Amino acid sequence: MKKNIISRSLIGFPIGIMIGYLESIFISLIWADGYYYPCVPELINVMGNEINAVLVQALLCGLVGVGFSGGSVIWEVERWSIVVQTGIYFAVTALIMMPTAYFMYWMGHSLKGFLSYFGIFVLIFAVVWIIQYMIGRYIVKKLNTNLQKTKGVSQ
């Protein structure tokens, strides 16, 4: 399991940076009136300049990628129920995402800002979980159908 965590984490770091970069492009396309905003202005102010803010954001996006990717081994612990797996994975990802979002000024620095961002996080988590669950059910159903066909042929 440790080997899987390490290899997935190594893959997750550049994926996290890529997703963060693509997100900044997407947000700039929607709200920046033709300009590119690599990160929120509040972070630039805190970091002193844009390059420092972008470097910190890239590093933290990479670490978020590490957390999500490395944590995905939770889904392979067969002795845990789907409820336990979901709860642990949610806790791991939330404990990585929420402080990162706060530090990066992706959420307002207030209770309302925290609760709004957390609500969005929960909603996205639930949608992705449901989609993954439905895909998994479909695959299992297809495998079972093929297994039944194979059993019928061999008899």
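A.B. asks: Honestly, the overall build of the chain in this entry has me stumped. Any pointers?
C.D. replies: Check the secondary structure of the chain and you find five helices and zero strands. From first element to last, N terminus to C terminus, the chain shows the α and β order α-α-α-α-α. For 155 residues, the compact-globule estimate of 2.2 N^0.38 gives 15 Å, and the chain exceeds it by more than 25% at 20 Å. Taking all contacts inside the chain whose residues are at least 6 apart in sequence as the whole, residues at least 24 apart take part in 58%. The distance from the centre of the 10 positive side-chain charges to the centre of the 6 negative ones in the chain is 24 Å.

A.B. asks: Which parts of the structure should I look at to understand the nonpolar core?
C.D. replies: It is characteristic of soluble globular proteins that their nonpolar side chains tend to be buried jointly. Of all hydrophobic cores here, the largest spans eight residues; its members are Val64, Ala94, Met97, Met98, Ala101, Met107, Tyr117 and Phe121. For this core, the elements supplying multiple residues, two or more each, are helix H4 (82-103) and helix H5 (111-154). Here this core takes four residues from H4, the largest share from any one element. Here alanine 101 is in contact with Trp106, Met107 and Tyr117, once residues within four sequence places are set aside. Cys39, Leu43, Ala53 and Leu60 belong to the second largest nonpolar core, which has six residues in total.

A.B. asks: Is there a simple way to think about the packing of aromatic side chains in this case?
C.D. replies: The geometry of an aromatic ring pair is captured by two quantities: the separation of the ring centres and the angle between the planes. This model, assessed by the stated rule, comprises 10 aromatic pairs. With a centroid separation of 5.1 Å and an interplanar angle of 5 degrees, the aromatic rings of tryptophan 129 and tyrosine 133 are classed as stacked. Highlighted residues: tryptophan 129 and tyrosine 133, both in helix H5, separated by four residues, approximately one helical turn. Since its relative accessible area comes to 27%, tryptophan 129 is described here as partly exposed. The partly exposed category is assigned to tyrosine 133, whose relative accessible area is 36%.

A.B. asks: Whenever I open this one, unusual backbone geometry confuses me. Can you help?
C.D. replies: Peptide bonds are, in most cases, trans, and in most cases residues other than glycine have a negative phi. Phi angles above zero are rare outside glycine, and aspartate 33 is one such case at about 50 degrees. Here aspartate 33 is to be found in the loop between helix H1 (2-31) and helix H2 (41-47).

A.B. asks: Looking at this model, I keep getting lost on the environment of isoleucine 120. Mind explaining?
C.D. replies: Relative to the elements of secondary structure, isoleucine 120 occurs in helix H5. Taking relative accessible area as the criterion, isoleucine 120 reaches 48% and is therefore assigned partly exposed.

A.B. asks: Explanation requested: the pattern of salt bridges in the structure shown.
C.D. replies: A pair can form between side chains of opposite charge whenever their charged atoms are brought close. Tallying each qualifying case throughout the model produces one salt bridge. Residue arginine 8 pairs with glutamate 76 through a salt bridge whose shortest N-O separation is 2.2 Å. With a gap of 68 residues between them, arginine 8 in helix H1 and glutamate 76 in the loop between helix H3 (50-71) and H4 connect regions that are remote in the sequence.

A.B. asks: Before we go on, may I ask you to explain the packing of H3 against H4 in this structure?
C.D. replies: Each packed pair of helices is defined by two parameters, the angle between the axes and the distance between the axes. Running from N to C, H3 and H4 point in directions that differ by 175 degrees, and their axes come no closer than 9 Å. With respect to their mutual orientation, H3 and H4 come out roughly antiparallel. Facing Val56, Leu60, Leu63, Val64, Gly67, Phe68 and Gly71 of H3, the residues of H4 in contact are Tyr89, Val92, Thr93, Ile96, Met97, Thr100 and Phe103. Residue classes in the contact of H3 with H4 are distributed as 10 nonpolar, four polar and no charged.

Cut-offs used in this document
- Here the residue index of a chain counts from 1 through its sequence in written order.
- For this predicted model, a pLDDT threshold of at least 70 governs which residues receive local features, and a threshold of 80 or more governs which side-chain atom pairs are given and counted, while totals over whole chains, interfaces and linings are taken from all residues.
- The basis for every side-chain value is the complete set of non-hydrogen atoms in the structure, without hydrogens or water.
- Only DSSP runs of H or I reaching four residues or more are called helices, and only runs of E reaching two or more are called strands; each is numbered from the N terminus.
- Here the globule rule is a power law, 2.2 Å times the number of residues to the power 0.38, and the radius of gyration is based on C-alpha atoms.
- Residue contacts are counted whenever heavy atoms from the two residues lie within 4.5 Å of one another.
- By the counting rule applied here, Lys and Arg register as positive and Asp and Glu as negative, while His and the ends of each chain are not counted.
- Charge coordinates come from a single atom per side chain, which is NZ of Lys, CZ of Arg, CG of Asp or CD of Glu.
- Definition of nonpolar core: a set of buried residues of the types Ala, Val, Leu, Ile, Met, Phe, Trp, Tyr and Cys, connected through side-chain atoms within 4.5 Å.
- Relative accessible area decides the class of each residue, using a 1.4 Å probe on protein chains only: under 20% of the type maximum gives buried, over 50% gives exposed, and in between gives partly exposed.
- Pairing of aromatic rings covers Phe, Tyr and Trp, the last through its six-membered ring, and needs centres within 6.5 Å; plane angles under 30 degrees mean stacked, over 60 mean edge-to-face, and all others mean tilted.
- Here, a salt bridge means any side-chain nitrogen of Lys or Arg that lies within 4 Å of a carboxyl oxygen of Asp or Glu.
- Structural elements are reduced to axes, namely lines fitted to C-alpha atoms, with helices fitted over the stretch in contact, and the angle between N-to-C directions of any two is expressed from 0 to 180 degrees.
- Put simply, angles under 35 degrees are roughly parallel, angles over 145 are roughly antiparallel, angles from 65 to 115 are roughly perpendicular, and the rest are oblique.
- Throughout this entry, Asp, Glu, Lys and Arg are counted as charged residues, while Ala, Val, Leu, Ile, Met, Phe, Trp, Tyr, Cys and Pro are counted as nonpolar. The remaining residues, Gly among them, count as polar.

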